[in-house]
Structures are given as structure tokens and as C-alpha cells.
Protein chains: 4
Amino acid sequence: MAIDLQTARTVIEGARAAAREKDLKPLTVVVLDAGGHVVAAEREDGSSTKRFEIAFGKAHGAIALGLGSRALMARAEQQPYFIAAATAAVGGSLVPVPGGVLVRDGSGTLLGAVGVSGDTSDNDEAAAVAGIEAAGLQAQPD
Amino acid sequence: MAIDLQTARTVIEGARAAAREKDLKPLTVVVLDAGGHVVAAEREDGSSTKRFEIAFGKAHGAIALGLGSRALMARAEQQPYFIAAATAAVGGSLVPVPGGVLVRDGSGTLLGAVGVSGDTSDNDEAAAVAGIEAAGLQAQPD
Amino acid sequence: MAIDLQTARTVIEGARAAAREKDLKPLTVVVLDAGGHVVAAEREDGSSTKRFEIAFGKAHGAIALGLGSRALMARAEQQPYFIAAATAAVGGSLVPVPGGVLVRDGSGTLLGAVGVSGDTSDNDEAAAVAGIEAAGLQAQPD
Amino acid sequence: MAIDLQTARTVIEGARAAAREKDLKPLTVVVLDAGGHVVAAEREDGSSTKRFEIAFGKAHGAIALGLGSRALMARAEQQPYFIAAATAAVGGSLVPVPGGVLVRDGSGTLLGAVGVSGDTSDNDEAAAVAGIEAAGLQAQPD
């Protein structure tokens, strides 16, 4: 089972609502299914040109290695050469900073991942978590 | 000026509504701004894993060369080596079949492009045009 | 839902048994999940060095576009420039000849794909189908 | 001479049995021949989507430079620019952390390599060594 489009839209709406409430910078939100493929994406007006690619890379890296992108940052701090090599190995899209959050259902099954980019990494992650919880799902940021 | 997110959402909604009315296969719709960057995307349930990449490639190729992807197909029929070379030159994402449609305002200014993939190329293009017109904008399919 | 490892092993065993019964050349069999990721692979002794990559490309292309690789061959015959462009767009691994077969359960849900390479494309496909049926699943070769 | 398929299956079975005995996380095990080409691979249920690529990269890097991937990690700690450059030079798949183990016969002849990914790098390596020894062969982790 994977995130369907209606759920993805709910996640994006929830993430954006949380961002507007906190007055964050314009965000880009990308939702991937459990195979790492795009289900839906929205780039808010004023979010820079390649934010889709950054947000995608956070979520794609999380799916690829089965860890939220905050855990990938910790690994990058310890072993930068591992993250560099893994990025090449998985095909070039793995952004190891917070904001790529795994999505699980109540029984722990992996459904997909959400990537957010545009504000600080911590704020990006908080928006992703808010969106996931708005859809009644479990967020795994690391 | 470029397509803003609200307009992109209207385009996607219009394209999907037209597709459901004609009972097309599940579609993926991608909207790019005038710089060729993702504004919004939705992949309907059942649309295959890499449809985002195909739809993106149609729209990205259209922006890259300033022609709807139907015109790129005509060129591919005449000079396949040109399209192959252009694909490499622009960075690998240029899909020369109908379904990549330029978006212009009433005075002809380029605002962006829409890419659709999932059904036949002709039906993909018709859905893209319907979405653009639903937003009160001008569609240029070739 | 996707193919689990035990099912993948059954598919490979079934494909290889069919190949030995028909006295085919040494085969490589790759099983992917519904997201296009490797679950299991075996390369028979004497199967050439890059057969994994060819078999993977057949199955990966099938998952990417939601069609068995026989249908991708038909498209390549009609519009070679589309297949060339799609190959670039999906990341370089899409081999449009028979032998990449989608796997569905009894209700039609996509579970993954099987790629086979080593003998003629028709024989490769027959082995893939035999393996899928040995696991009690539905094969979609085009 | 190189690892044949039957031996590769024995290695994978041994690695997985050792992993289950130690209650490791779900692993992906890849066996390459002496030319660095896939002989067999298995991804256990729950092992994340790109673990094949990571495990492959450990084994491929080991074959590429003739050293177990633990030695590549030591080199990465000392000269990260060398490992980055070598990764590009060999085609992008060289993952310099433990878990890529060379396989030799009793007289020291190189037969191939095993790559494991899914748990800690040390545990991945231990599973690879256990698999190689289960097949009566010599493991070279560094």
C-alpha cells in the first residue's frame, strides 16, 4: 500500500497551513509513494526555482535508505564519504538535511515520504510532520 | 510573469476533470513556470511510477525549445538526430510526443508549460489544453 | 503490496525450470517490486557479464511506463524517438524488447515485474511468464 | 575462475542465516563475480528500496580497487578526495564503508565479492563474512 493522491493532497495542505501559521518562507512540498516516485508536489509563489529538486532529494534519500533525512544528516556529519558515495549509488538524489520525513500508517507500514524545502531545515521538517499528522498518519523524521 | 501556484492548481483540476469526463486512463499532470521549473504536479492513482518524469519531459522540452511537444514530434520524425542531440544538450529531459503544451496569456506572453502523460499522446494533449483553458489561458500545443 | 522475497525466489525458480526444460541458453532473471527496485536476481553460469543490467532494464522499463516490454518494443518500432527520450527521462534503464513482464495478483493489482535476458527475446519472455505463473500470479507481457 | 551461481546462493543463505541468528535488521545481500558483475542478489522484506544499490556499491568498490570496503573506508578517512575521485572514475558505484568483502579460494585466487547493507556497517560485514565461510571460501574484509 502507498499514499494515494487524495492523501498526498491532504498532506500538502496540512504542511502549507502549518507554514502559513508560523509565517515561514514560501515552501515547496513533495510527496512520494513507498517506491520513491512523485505523487504530488506544490511550490508556493516565491519559492526558488530548484526547490522541487531539493525537496524531492530529501524525500527520495529517506525512502532509499529507510531513514528520515535527519538521520542521514547525522551520518553525513560522521561519515561524509558514505553519504557522498550513497548519493552516487542511488542515482544522485539524496539531500541529507532535515525535511525528508517517512510516512507510516498506524501499524508501522511504510507508505511513502514527504520532502519540504524553503525555510530552515528544522522548520521544513516541522511543516512536513504537520502535514503528515493532518492526514492522520505517522511521521518518522529520523 | 509566470504561472502562480493557484493557477497551476486550476490547470491540473481542469485537466483531470476533462480526463474523467472522457474516461481516460489515470493521468499525471505537471505544470512548469516559464523557466521550466516545477510549480505543481499530481499523479492519479494507477498512473505508473515514472509518469511524472515523462510528463515533466514533455513540458520541459516544450519550454526548452519554445514549441509545444507536438512540434517536437514533427521534428523528431524529420530529423531524429536533432532531437537526440537536443535532449542530451538540454540535460536529458525532452520527450517529443504530444502532451507538452505551452501556456500563454491573452497578449501572447509565455507563462509556462503543462505536461500530461498516461493515455494516448493525443488524449494527453487534449487534457492539457482543457486544463489551460479552464484557467482562462491560451494553449499552444505545437 | 509488492512481491516479497519468498515469492521472488519462487518466480526465479519457475523461470529457470522452464528454461532448462526447453534447453534455453543460460538466463539471468531479475525480480522487481512495484516501485521498480530489486528484490532478487540470479545469473546462471555462462550468462554474459551485463545480463543483469539488460534484464533489469526490461523489468524497470515495464514498471516505469506500466506496460510489458513487448508493448514498449511496439512503441519503439513506431516512434523510436519516444523510447529514446523516455529512456533518458526515467534515468537510463529501459530495454524495449520482450522479456520484461508485469506481475499482478488475481484482482489486477500491480505487484512488480520480472526481467529475463539470455536467449531470444521471445524465449526470455516465455521463461518470465512461466516463473510468474509458477508463483500463482498473473503475467502481463504487453 | 569465478563464483558460480550455486556458490553465490550458498553465500547468500549463509549470510542471511547469520543475520537472523543475531536478529539484525532486514538485509540485502549481493554477490559479484571477479569481474564485478552481479551473480545473485536477495533483498529481505523490509530492507529499504535502494539497499541493492548500496550493497552493490560496497562489493563493486571492493572489486574495483582489490581491497575490502573496510580498507576503502580507512582511505576515505585519510584522503576523502581520493575516494571521491575514484568513485567517479569507476563509474559511480563505490561505497566505502564495511560490508563489501572480497572472496578468495584456498590458494588466494580472487573469485568475487559480497556486499551487504541494512544494519550497521560492522554487522553487515560480519554477515558477509559468515556467508563466505559457509561456502568454504576465504573472506577478505579489508
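Preceding block: the structure.
It should be emphasised that the depicted structure is a prediction, and the values quoted were computed from it without experimental measurement.

Let us now look at the interface of chain B and chain A. Counting residues at the interface gives 17 residues for chain B and 17 residues for chain A. Taking both partners together, chain B and chain A bury about 1700 Å²; carbon and sulfur atoms supply 48% of that area. Of all residues in chain B, Leu5, His37 and Arg43 of chain B bury the most surface against chain A, accounting for 33% of the area lost on that side. Between chain B and chain A we count 4 salt bridges in total. Here arginine 43 of chain B ties to aspartate 33 of chain A by a salt bridge, and the two come within 2.7 Å at their closest N and O atoms. Where chain B packs against chain A, one counts 12 residue pairs in polar contact (both at pLDDT 80 or more).

Attention shifts here to the side chain of glutamate 125 of chain D. By the element assignment, glutamate 125 of chain D lies in helix H5 (residues 121-134). Other than its neighbours up to four places away in sequence, glutamate 125 of chain D contacts Arg70, Pro98, Gly99, Val101 and Pro141 of chain D.

Our next topic: the sheet that holds strand E1 (residues 28-33) of chain B. With respect to topology, 10 strands assemble into an open sheet ordered E5(A)-E3(A)-E4(A)-E1(A)-E2(A)-E2(B)-E1(B)-E4(B)-E3(B)-E5(B), the strand pairing being antiparallel. The outermost strands of the open sheet, each flanked by one partner alone, are strand E5 (138-140) of chain A together with strand E5 (138-140) of chain B. Strand-to-strand twist of the sheet, defined as the mean angle between neighbouring strand axes without regard to direction, takes the value 20°. Contacting strand E2 (38-43) of chain A together with E1, strand E2 (38-43) and strand E4 (110-117) of chain B, helix H1 (residues 5-21) of chain B crosses the sheet at an angle of about 30° to E2 of chain B.

A few words on the sheet that holds strand E5 (residues 138-140) of chain D. Reading across the sheet, the 10 strands line up as E5(C)-E3(C)-E4(C)-E1(C)-E2(C)-E2(D)-E1(D)-E4(D)-E3(D)-E5(D) and stay open at both edges, with antiparallel pairing between neighbours. The open sheet has two free edges, formed respectively by strand E5 (138-140) of chain C together with E5 of chain D, since each of these has just one partner strand. Put simply, the sheet's adjacent strands are angled 20° from each other on average, direction ignored. Strands strand E2 (38-43) of chain C together with strand E1 (28-33), strand E2 (38-43) and strand E4 (110-117) of chain D of the sheet are contacted by helix H1 (residues 5-21) of chain D, whose axis makes an angle of about 30° with E2 of chain D.

Looking now at the packing of aromatic side chains. A full pass over the atoms with the stated rule returns 6 aromatic pairs over all chains. A centroid spacing of 6.0 Å and a plane angle of 25° characterise the contact between phenylalanine 52 of chain A and phenylalanine 56 of chain A, whose relative ring orientation is stacked. In this pair, phenylalanine 52 of chain A and phenylalanine 56 of chain A are both assigned in helix H2 (residues 51-65), 4 residues apart and thus about one turn of the helix distant. Overall, phenylalanine 52 of chain A belongs to the buried group, its relative accessible area being 6%. Classification of phenylalanine 56 of chain A by relative accessible area gives buried; the value is 14%. Among the aromatic residues, ring-to-ring pairing joins Phe52 and Phe56 of chain A together with Phe52 and Phe56 of chain B into one connected group. In this arrangement the basic side chain of arginine 75 of chain C is found over the ring face of phenylalanine 82 of chain C, its NZ or CZ atom lying 3.9 Å from the centre.

Residues and elements named next belong to chain A. You will see that aspartate 23, though not glycine, has its phi angle at about 55°, which is positive. Of note, aspartate 23 is situated in the loop between helix H1 (5-21) and strand E1 (28-33). The class of aspartate 23 is exposed, set by a relative accessible area of 66%.

Quick look at the relation of the copies chain C and chain D now. In the superposition of chain C on chain D (RMSD 0.1 Å, axial shift 0.0 Å), the rotation amounts to 180°. Taken together, the rotation angle and the small translation identify this as a two-fold axis. Every residue of chain C has its C-alpha some distance from the rotation axis, and the shortest such distance is that of alanine 41 of chain C, at 2.5 Å.

Turning to helix H2 (residues 51-65) of chain B, a few remarks are in order. For an α-helix, 3.6 residues make a turn, and residues three or four places apart therefore share a direction. Residue and element names in this part refer to chain B. Look at H2: 21 Å from first C-alpha to last across 15 residues, which is about the 21 Å you get at 1.5 Å a residue. Burial analysis of H2 places 13 of its 15 residues in the buried class, the great majority of the element. Remark: glycine 66 follows H2 within two positions and exhibits a positive phi of approximately 75°.

Between chain C and chain D, the contact holds 17 residues from the first and 17 residues from the second. Here chain C packs against chain D, burying approximately 1700 Å² in sum over the two surfaces, 48% of which is carbon and sulfur. Across the chain C-chain D interface, the total number found is 4 salt bridges. At the surface where chain C touches chain D, the tally comes to 12 residue pairs in polar contact (both at pLDDT 80 or more). Of all the secondary-structure elements, those providing two or more residues to the side of chain C that touches chain D are helix H1 (5-21) and E2 of chain C.

Right, let's talk about the pattern of salt bridges for a bit. For the structure shown, the criterion picks out 32 salt bridges over all chains. One salt bridge connects aspartate 124 of chain A with lysine 58 of chain A, and the closest N-O pair in it is separated by 3.1 Å. Here aspartate 124 of chain A is found in helix H5 (residues 121-134), whereas its partner lysine 58 of chain A is found in helix H2, with 66 residues between them in sequence. As far as burial versus exposure is concerned, aspartate 124 of chain A and lysine 58 of chain A are alike and both buried. In this structure, the salt-bridge partner of glutamate 42 of chain B is arginine 16 of chain B, at a minimum N-O distance of 2.8 Å. Separated by 26 residues along the polypeptide, glutamate 42 of chain B in strand E2 and arginine 16 of chain B in helix H1 bring together distant segments of the chain. Judged by relative accessible area, which is 7%, glutamate 42 of chain B ranks as buried.

The subject of this paragraph is the relation of the copies chain B and chain A. For the pair chain B and chain A, the superposition axis carries a translation of 0.0 Å, the fit reaches an RMSD of 0.1 Å, and the rotation angle comes to 180°. Residue by residue, 100% of the interface of chain B is reproduced at the interface of chain A, so both copies engage with the same surface.

This part covers helix H3 (residues 69-78) of chain B. Buried within H3 of chain B are the following residues: Ser69, Leu72, Met73 and Ala76 of chain B. Buried residues of H3 of chain B fall within an arc of 105° about the axis and therefore sit on the same side. In H3 of chain B, the exposed residues that point more than 90 degrees away from the buried face are Glu77 and Gln78 of chain B. Next to the buried residues of H3 of chain B lie H2, helix H4 (80-89) and strand E3 (100-104) of chain B together with helix H4 (80-89) of chain C.

About the cut-offs
- Residues numbered from 1 in each chain as written.
- Chains lettered and ligands numbered in written order.
- Predicted model: local features only at pLDDT ≥ 70, side-chain atom pairs only at ≥ 80, totals over all residues.
- Heavy atoms only, no water.
- Contact = heavy atoms within 4.5 Å.
- Buried area = accessible area lost by both parts, 1.4 Å probe.
- Salt bridge = Lys/Arg side-chain N within 4 Å of Asp/Glu carboxyl O.
- Polar contact = N/O pair within 3.5 Å; in protein donor to acceptor, adjacent residues only side chain to side chain.
- Helix = DSSP H or I, 4+ residues; strand = E, 2+ residues; numbered from the N terminus.
- Pairing = 2+ DSSP bridges.
- Axes fitted to C-alpha atoms, helices over the stretch in contact; angles between N-to-C directions.
- Phe/Tyr/Trp six-rings, centres within 6.5 Å; stacked < 30°, edge-to-face > 60°.
- Buried < 20%, exposed > 50% of the residue type's maximum accessible area, 1.4 Å probe, protein only.
- Lys NZ or Arg CZ within 6 Å of the ring centre and 35° of its normal.
- Least-squares fit on C-alpha atoms with pLDDT ≥ 70 in both.
- Expected span 1.5 Å × (residues − 1).
- Arc of directions from axis to C-beta.

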